[in-house]
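What follows is each chain in one-letter form.
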Amino acid sequence: MARNFYRFYLYAVCINLLIFIAFVTGWMLVNVLNLTPLRGPFVPAPAKQAIVQSVVWTVLTWVIAGTLAGLHYWLIRQDIRHDATAGASAIRSFFLNYTEAIGIAFAVPIMGFTLSFLGFYNGTSGLTFAVAFTVPTLALVGLLEWERRRTQVQSGAALVFQRLHLYGVQIILLIALSYAWFIQIRPLVDGLIFSGRGTLESCHRIGDYACPTYHLVYFAASILWFIAFWLGYGWLTRKDNARIGRFILHGISFAYGVGFILFGIYIGVKLIILPLFKLSTSFKDILGLHPPYDFVSPLTLGILVVIVYHLWLGGAAKRGLINSSVRIL
């Protein structure tokens, strides 16, 4: 019991010191990046005094907190060296996986939706906060992931925490991707394929003062950002031997994609039969600002999700984790 309290103390102090270092570094990056074009056209440049203060504070934090974190990390490695079970302990798994999960669950959506915001508002906002928060957070997550991979867990509560992290964050990223997809894929398709006809027609029809000008590069970057991390977490679970958890969570996600495909087909069928009731439609009804018959977003998202989870479930079936007949059902 005393050993577990000691181990809890080591990980709690070490990780909280690392989080503090990442926070202070992010605050410094906000001031420094506000000297670059990333701050946007309407954000004033910071005073030199604020920059100097943030840099000095960050250097002191790295020296003092970094030294303390290094000391506690050395004690952690000593604990693992003297106790063979320490590397696969539930306490270690909890702190590493919980911190990684929280970091990814916040950093990825903040950066992705900031890119989306820039796309909608013609690049008039800045990336300062998103970059300053995302870079230190992802650096911390990468450091913890490297440490987590130094030891392997095979069973018990440690494996449960690890799987909750890997599969749980994957679902969170899928939900974030879905939200981004529904608000960005329509103007992206409208701009790339239809040259903005849907948006422009809708804009003129409702009598707005000016038609919106979207930055499609930001939309594409935002969607690819979410897809990259979503697929990345799928790659992390490729060697996991979970049977029931993988089948349930990946199966639910597969059904999630099927639901979007059916919803897109439903809207498409409504669109097709409208002429039977002497009703006409135009691009604004499909790809406009507020389209009542947007079948593109749910259909394309559903196809993407179904293909990806079909491949992942197929790979699990080849490894013998899921029975092929059960997967087909």
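Just so you know, these numbers come straight off a predicted model, no measurement behind them.

Calculation criteria
- Positions within a chain are numbered from 1, following the residues in the order the chain's sequence is written.
- Given that this is a predicted model, residues contribute local features only at a pLDDT of at least 70 and side-chain atom pairs are listed and counted only at 80 or more, while totals for whole chains, interfaces and linings are drawn from all residues.
- Just so you know, side-chain values use all the structure's heavy atoms and leave hydrogens and water out.
- Working definition: helices are DSSP H or I runs of at least four residues, strands are E runs of at least two. Numbering for both runs from the N terminus.
- Note on exposure labels: buried denotes an accessible area under 20% of the residue type's maximum, exposed denotes more than 50%, and partly exposed covers the range between, all computed with a 1.4 Å probe on protein chains only.
- Two residues form a contact once any of their heavy atoms are found within 4.5 Å.
- Note that accessible areas follow from Shrake-Rupley with a 1.4 Å probe, and for residues the cover is restricted to the protein chains shown.
- In this analysis, the expected span of each helix is defined as 1.5 Å times one less than the number of residues it contains.
- Note that the arc is defined by the directions from the helix axis to the C-beta atoms.
- Think of a nonpolar core as a cluster: buried Ala, Val, Leu, Ile, Met, Phe, Trp, Tyr and Cys residues, connected wherever their side-chain atoms sit within 4.5 Å.
- Whether two aromatic rings pair depends on their centres lying within 6.5 Å, for rings of Phe, Tyr and Trp, where Trp uses its six-membered ring; planes under 30 degrees apart make the pair stacked, over 60 edge-to-face, and the rest tilted.
- What pLDDT expresses is the predictor's confidence in each residue, scored from 0 to 100.
- Interaxial angle, 0 to 180 degrees, is taken between N-to-C directions of lines fitted to C-alpha atoms, where a helix line uses only the stretch in contact.
- The labels follow the angle: roughly parallel below 35 degrees, roughly antiparallel above 145, roughly perpendicular from 65 to 115, and oblique for the rest.
- Less than a right angle of anticlockwise turn of the near helix away from the far helix marks a crossing as left-handed, whereas a clockwise turn marks it as right-handed.
- Note on residue categories: nonpolar means Ala, Val, Leu, Ile, Met, Phe, Trp, Tyr, Cys or Pro, charged means Asp, Glu, Lys or Arg, and polar means any other residue, Gly included.

Trainee: How would you explain the overall build of the protein if you had to name every residue and give the values?
Mentor: A tally of regular secondary structure across the protein gives 11 helices and zero strands. Taken from N to C terminus, the helices and strands of the protein fall in the order α-α-α-α-α-α-α-α-α-α-α. Taken across its 329 residues, the protein has 44% of its residues classed as buried. Looking at the protein alone, contacts between residues at least 24 apart form 81% of all its contacts between residues at least 6 apart. Total accessible area on the protein is roughly 17700 Å²; 72% of this is exposed by carbon and sulfur atoms.

Trainee: An account of helix α7 (residues 216-236) is requested, with residue identities and associated values reported.
Mentor: Spacing of three or four residues puts side chains on the same side of an α-helix, whose turn is 3.6 residues. With 21 residues, α7 should cover 30 Å at 1.5 Å per step; its first-to-last C-alpha distance of 30 Å lies within 8% of that length. Of the residues making up α7, those classed as buried are Phe 219, Ser 222, Ile 223, Phe 226, Ile 227, Trp 230, Tyr 233 and Gly 234. In a view along the axis of α7, the buried residues occupy a sector of 125°, so they form one face of it. Residues of α7 that are exposed and angled more than 90 degrees away from the buried face: Val 217 and Leu 224.

Trainee: I'd love a proper account of the nonpolar core, names of residues and values included.
Mentor: Within the largest apolar cluster, 34 residues are counted, with the highest numbers of intra-cluster contacts made by Ile 104, Leu 173, Leu 177, Trp 181 and Trp 230. When residues of this core are traced back to their parent elements, those giving at least two are α3 (90-120), α5 (156-192), α7, α8 (244-273), α9 (284-287) and α10 (296-318). With 11 residues, the single largest contributor to this core is α5. Leave out the neighbours within four places in its chain, and Ile 104 touches Pro 109, Leu 138, Val 141, Val 169, Leu 173, Phe 229 and Tyr 233. Judged by nonpolar contacts, the second largest core, of 18 residues, contains Ile 21, Ala 69, Ile 76 and Ala 86.

Trainee: Can you lay out the packing of aromatic side chains for me, pointing to particular residues and giving the numbers?
Mentor: Under the definition given, this model contains 15 aromatic pairs. With 5.4 Å between their ring centres and 65° between their planes, Phe 94 and Phe 161 make a pair best called edge-to-face. Taken as a pair, Phe 94 in helix α3 and Phe 161 in helix α5 lie far apart in primary sequence, 67 residues in all. By relative accessible area, Phe 161 is classed as partly exposed at 28%. By the ring-pair criterion, three or more aromatic residues cluster together here, those being Phe 8, Tyr 11, Phe 94, Phe 95, Tyr 98 and Phe 161.

Trainee: Break down the confidence of the model for the protein for me, citing the residues and quoting the values.
Mentor: Of the residues in the protein, 88% reach a pLDDT of 70 or more, and the chain-wide mean stands at 83. Within the protein, the lowest mean pLDDT, 47, falls on helix α6 (residues 197-206), and the highest, 91, falls on helix α4 (residues 128-148). Note on residues 204-209: pLDDT is under 50 here. Beyond four places in sequence and across chains, it has five contacts.

Trainee: Explain the packing of α3 against α7 residue by residue, including any values.
Mentor: Relative to each other, α3 and α7 sit at 160°, their axes nearing to 7 Å. Comparing their axes, α7 and α3 come out roughly antiparallel. Note on packing geometry: the crossing formed by α3 with α7 is left-handed. Of the residues in α7, those in contact with Glu 100, Ile 104, Val 108, Pro 109, Met 111, Gly 112, Phe 113, Leu 115, Ser 116, Leu 118, Gly 119 and Phe 120 of α3 are Tyr 218, Phe 219, Ala 221, Ser 222, Trp 225, Phe 226, Phe 229 and Tyr 233. A class-by-class count of the residues in the contact of α3 with α7 yields 15 nonpolar, four polar and one charged.

Trainee: Can you break down the environment of Thr 281 residue by residue, with the values?
Mentor: Among the secondary structure elements, Thr 281 is positioned in the loop between α8 and α9. Look at Thr 281 and you get partly exposed, because its relative accessible area is 36%. Distance from Thr 281 to Leu 271, taken between C-alpha atoms, is 7.9 Å for residues 10 residues apart in sequence. Contacts of Thr 281, omitting those with residues within four sequence positions, involve Leu 271, Leu 274 and Tyr 293.

Trainee: Please set out the side chain of Glu 145 residue by residue, giving values where relevant.
Mentor: In this fold, Glu 145 is placed in helix α4. Sequence-distant contacts of Glu 145, that is, excluding residues within four places in its chain, are made with Glu 100 and Leu 236.

Trainee: Could you give an account of the environment of Ile 21, with specific residues and numbers?
Mentor: The residue Ile 21 is located in helix α1 (residues 2-33) in this model. Note on Ile 21: relative accessible area 6%, which makes it buried. In this structure, the C-alpha to C-alpha distance between Ile 21 and Val 59, residues 38 residues apart in sequence, is 9.7 Å. Setting aside its immediate chain neighbours within four residues, Ile 21 contacts Thr 61, Trp 62, Ala 65 and Gly 66.

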